[in-house]
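Spelled out from the first residue to the last, the chains are:
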Amino acid sequence: MHLAYVLNPERGAADLLLAGFADRLLAAGVVLAGVVQHNSDGAEGCACDMDLRLLPGGGVIRISQSLGAGSRGCRLDTSALETAVGAVQPLLDRAPELLMINKFGKHEAEGRGFRPVIGEALARGIPVLLGVNDGNLPAFLAFAGDLAEALEHDPAALDAWFARIRGDGASSA
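Residues numbered from 1 in each chain as written. Predicted model: local features only at pLDDT ≥ 70, side-chain atom pairs only at ≥ 80, totals over all residues. Heavy atoms only, no water.

S.K.: Give me the lowdown on the overall build of the chain, citing residues and values where you can.
M.R.: On a plain count of helices and strands, the chain comes out with six helices and seven strands. Secondary structure elements of the chain occur, N-terminal to C-terminal, as β-α-β-β-β-α-β-α-α-β-α-β-α. Out of the 173 residues belonging to the chain, those deemed buried represent 43%. Taking contacts inside the chain between residues at least 6 apart in sequence as the whole, the part at least 24 apart equals 63%. Element-wise, carbon and sulfur atoms account for 51% of the exposed surface of the chain, whose accessible area totals about 8200 Å². (Helix = DSSP H or I, 4+ residues; strand = E, 2+ residues; numbered from the N terminus. Buried < 20%, exposed > 50% of the residue type's maximum accessible area, 1.4 Å probe, protein only. Contact = heavy atoms within 4.5 Å. Areas by Shrake-Rupley, 256 points an atom, 1.4 Å probe, with all protein chains shown as cover.)

Below, the structure is given as structure tokens:
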């Protein structure tokens, strides 16, 4: 089983790293499943909009909801997140070479969201790569046990990890 993660050193950095990695792998013909996150500026006074791009070439699902200027509550649209989970789950039947999940977040820490999909992928022998922030790292490590491998927040580290688990000896991206 292969389960690797990158820590998010600053807001949105892991999203960009994982999205770029997914794009390189797709361009190289690697069969992927999962989601990567793209953030865009929200309306004036509001936080960014969060969209999940379905891999390999699916649509985009907005997982943030507007709570109004100055709001401080959780903006995650849990219904939209579960829609994304439902779109990714059947892709495991296609035996992708890698499952990518944008983040092991609060929902996953609580046993929901993509957590069951991650577990199923690992049980099927599908490698998993995801992002984690410091706040959810303890819950992720409790979930992952000794399977979790921390990767440097660097494109070359992701390339080397994927080449190693594929047995390529060199990057395929």
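Following the structure, the description resumes.
S.K.: Describe in detail the packing of helix H1 (residues 13–27) against helix H6 (residues 155–166), supporting the description with residues and values.
M.R.: The N-to-C vectors of H1 and H6 enclose an angle of 50 degrees; their axes lie 10 Å apart at closest approach. Considering their axes alone, H1 and H6 lie oblique with respect to each other. Relative to H6, H1 is oriented so that their crossing is right-handed. Between H1 and H6, the residues in contact are Leu17, Leu18, Phe21, Arg24 and Leu25 and Pro155, Leu158, Asp159 and Phe162, respectively. Here the contact of H1 with H6 is composed, by residue class, of seven nonpolar, no polar and two charged. (Axes fitted to C-alpha atoms, helices over the stretch in contact; angles between N-to-C directions. Parallel < 35°, antiparallel > 145°, perpendicular 65-115°, else oblique. Left-handed = near helix turned anticlockwise from the far one by under 90°. Nonpolar A, V, L, I, M, F, W, Y, C, P; charged D, E, K, R; others polar.)

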